[in-house]
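The primary structure of each chain is shown beneath.
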Amino acid sequence: MNQAPRAPQAGPARPGRPLRAGLAPLRSALGLFTILPVRAAPEIGREEAARAVLWLPVAGLLLALPAAGVLLAVEAGGHSALRRMLAATLAVGVLALLTGVLHLDGLADTADGLGSRRPKDEALAIMRRSDIGPFGVAALLFTVLVQITALAAVAPGWPEAAALAVAVVTGRAAVVLATGPGSPAARPDGFGALVAGATTARARIATGAALLAVTTATAAAAWGWHPAVRGVVAVLAGLCAGDLLRRLARRRFGGLTGDVFGAVLEVSCAVVLLALALTA
């Protein structure tokens, strides 16, 4: 890939070009939101960022695979309560590691900004600080604990792995749904300014519809219609939780930031797992 382009007679390389171009947004999504060593553009503009965000659910599915693998591997030695809790902890830890703790950091910063009860500009300044305040610590601990304990409460084995994948993908779909015209940027710089209000209604509808359709079809084929209904309810609950947080941030900050998008992702993921655990 580091070689210079050849003359026109080197036709065999051409069929791969459309594929590479089509996967460029996915590479950008993986480069922006994970620590995976992918070849992505060194600089990204608003149009490229908007396309990359649409691939977030796919990137989430790729991240869920190793996390689910760890979950299943640990539980292969037994399904005791402590072992399942350990498996859930390691799975959530793998997700945090693969994302460079980026979204959890956004959750903590958003909680500090929302809990500061300061004017908009001061609250946004608090979110930029490198330290974490008491609201951030509380939100971080509570959300991670909910994710771990709720995941451990789901039926062990493949249903638990599927629950993890659905939660991870739903959290990222919630970010896509939060990038419509009703979500302006809270500040003119940062990643939030690149993607806030940047996606089309058709793209957002397609994302939500695809998520619900795949969840329903997969759960129904594997376990029956009752688990499929549970999955759909959990997905809708996660998306609603993410939208509520989006509305709160817009009212409080005047718009969204990259930190808010991270918070939307983590909260949506936690609510999906909680809903699945409560309906188990």
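Keep in mind it's a predicted model, so treat the numbers as computed, not measured.

## Topic: helix 13 (residues 258-278)
Here is step 1: For helix 13, spanning 21 residues, the distance from its first C-alpha to its last is 30 Å, which sits close to the expected 30 Å at 1.5 Å a residue.
Here is step 2: Counting buried positions along helix 13 yields 16 of 21 residues, so the element is predominantly enclosed.

## With respect to the packing of helix 6 (residues 102-115) against helix 12 (residues 225-253)
Here is step 1: For the pair helix 6 and helix 12, interaxial distance at closest approach is 11 Å and the crossing angle is 50°. As summarised for this structure, helix 6 and helix 12 are arranged oblique, according to the angle between their axes. When you trace helix 6 past helix 12, the crossing you get is left-handed. Listed contacts from helix 12 to Thr110, Gly113 and Leu114 of helix 6 are Leu245, Leu248, Ala249, Arg252 and Phe253.
Here is step 2: In the contact of helix 6 with helix 12, the residues fall into five nonpolar, two polar and one charged.

## Brief notes about the nonpolar core
Here is step 1: Formed by 67 residues in total, the largest nonpolar core has its most connected members in Leu151, Leu164, Phe253, Val260 and Leu273.
Here is step 2: Per element, the largest residue contribution to this core is twelve residues, and it comes from helix 9 (residues 158-177).
Here is step 3: Setting aside chain neighbours within four positions, we find Phe253 in contact with Thr110, Gly113, Leu114, Lys120, Ala123, Leu124, Met127, Ala186 and Val260.

## So, unusual backbone geometry
It is generally the case that most residues other than glycine have a negative phi and that most peptide bonds are trans.
Here is step 1: In this structure, Val101 takes a positive phi of about 60° despite not being glycine.
Here is step 2: Inspection of the secondary structure assignment puts Val101 in the loop between helix 5 (81-98) and helix 6.
Here is step 3: On the accessibility criterion, Val101 (40% relative accessible area) is partly exposed.
Here is step 4: Despite not being glycine, Arg117 has its phi angle at roughly 55°, a positive value.

## Some points on the environment of Leu95
Here is step 1: Within the fold, Leu95 resides in helix 5.
Here is step 2: For the pair Leu95 and Ala29, spaced 66 residues apart in sequence, the C-alpha separation works out to 15 Å.

## Focus: the state of the cysteines
Here is step 1: Enumeration according to the criterion identifies zero disulfides in this entry.
Here is step 2: Here Cys269 is not disulfide-linked; the sulfur of Cys240 is the nearest cysteine sulfur, at 16 Å.

## Points about helix 8 (residues 134-153)
Here is step 1: Look at helix 8: 28 Å from first C-alpha to last across 20 residues, which is about the 28 Å you get at 1.5 Å a residue.
Here is step 2: Listing the buried residues of helix 8 in full gives Gly136, Ala139, Thr143, Val146, Gln147, Ile148, Ala150, Leu151 and Ala152.
Here is step 3: Where the residues of helix 8 are buried, they touch helix 4 (56-75), helix 5, helix 6, helix 9 and helix 13.

## A look at the side chain of Glu266
Here is step 1: Structurally, Glu266 can be placed in helix 13.
Here is step 2: Here Glu266 is buried and forms no salt bridge, its nearest opposite-charge partner Arg172 lying at an N-O distance of 5.8 Å.
Here is step 3: Those residues within four positions of Glu266 in sequence are excluded, and the remaining contacts are His103, Leu104, Leu107, Thr143 and Gln147.

## A word on the pattern of salt bridges
Here is step 1: Under the defined criterion, the tally for this structure stands at five salt bridges.
Here is step 2: The residue Arg51 makes a salt bridge to Glu47 at a minimum N-O spacing of 2.9 Å. Here the residue Arg51 and the residue Glu47 both occupy positions in helix 3 (residues 46-54), the gap between them amounting to four residues, near one helical turn.
Here is step 3: One connected set of salt bridges, linked through shared partners, spans Asp243, Arg246 and Arg247.

## What about a nonpolar patch on the surface?
Here is step 1: Judged by side-chain polarity, Val58, Leu61, Leu62 and Leu65 come together as a nonpolar surface patch covering roughly 330 Å² of accessible area.
Here is step 2: Positionally, Leu65 belongs in helix 4.
Here is step 3: A relative accessible area of 53% means that Leu65 is categorised as exposed.

## Observations concerning the side chain of Thr143
Here is step 1: Mapping Thr143 onto the fold places it in helix 8.
Here is step 2: Setting aside anything within four residues of it in sequence, one finds Thr143 in contact with Leu107, Glu266 and Ala270.

## Overview of the packing of helix 11 (residues 201-223) against helix 12
Helices that pack against each other are described as a pair by the angle of their axes relative to one another and the distance between those axes.
Here is step 1: At a minimum axis separation of 7 Å, helix 11 and helix 12 run at an interaxial angle of 155°. By the angle between their axes, helix 11 is roughly antiparallel relative to helix 12. Crossing of helix 11 over helix 12 shows right-handed handedness. Together, Leu211, Leu212, Thr215, Thr216, Ala219, Ala220 and Trp223 of helix 11 and Trp225, Pro227, Ala228, Gly231, Val232, Val235, Leu236 and Leu239 of helix 12 make up the contact between the two elements.

## A look at the environment of Asp109
Here is step 1: Mapped onto the elements, Asp109 comes out in helix 6.
Here is step 2: With residues near it in sequence (within four places) discarded, Asp109 still touches Met127, Arg129, Asp131 and Asp259.

## Describing the confidence of the model for the protein chain
Here is step 1: Mean pLDDT over the protein chain: 90, with 91% of residues reaching 70 or higher.
Here is step 2: In the model, residues 1-11 has pLDDT below 50 throughout and makes four contacts with residues more than four positions away in sequence or in other chains.

Parameters and conventions
- Residues numbered from 1 in each chain as written.
- Predicted model: local features only at pLDDT ≥ 70, side-chain atom pairs only at ≥ 80, totals over all residues.
- Heavy atoms only, no water.
- Helix = DSSP H or I, 4+ residues; strand = E, 2+ residues; numbered from the N terminus.
- Expected span 1.5 Å × (residues − 1).
- Buried < 20%, exposed > 50% of the residue type's maximum accessible area, 1.4 Å probe, protein only.
- Axes fitted to C-alpha atoms, helices over the stretch in contact; angles between N-to-C directions.
- Parallel < 35°, antiparallel > 145°, perpendicular 65-115°, else oblique.
- Left-handed = near helix turned anticlockwise from the far one by under 90°.
- Contact = heavy atoms within 4.5 Å.
- Nonpolar A, V, L, I, M, F, W, Y, C, P; charged D, E, K, R; others polar.
- Core = buried A, V, L, I, M, F, W, Y, C linked by side-chain atoms within 4.5 Å.
- Disulfide = S-S within 2.5 Å.
- Lys, Arg positive; Asp, Glu negative; His and termini not counted.
- Salt bridge = Lys/Arg side-chain N within 4 Å of Asp/Glu carboxyl O.
- Patch = residues over 30% accessible without salt bridge, like charges linked within 9 Å, V, L, I, M, F, W, Y side chains within 5 Å.
- Areas by Shrake-Rupley, 256 points an atom, 1.4 Å probe, with all protein chains shown as cover.
- pLDDT = per-residue confidence, 0-100.

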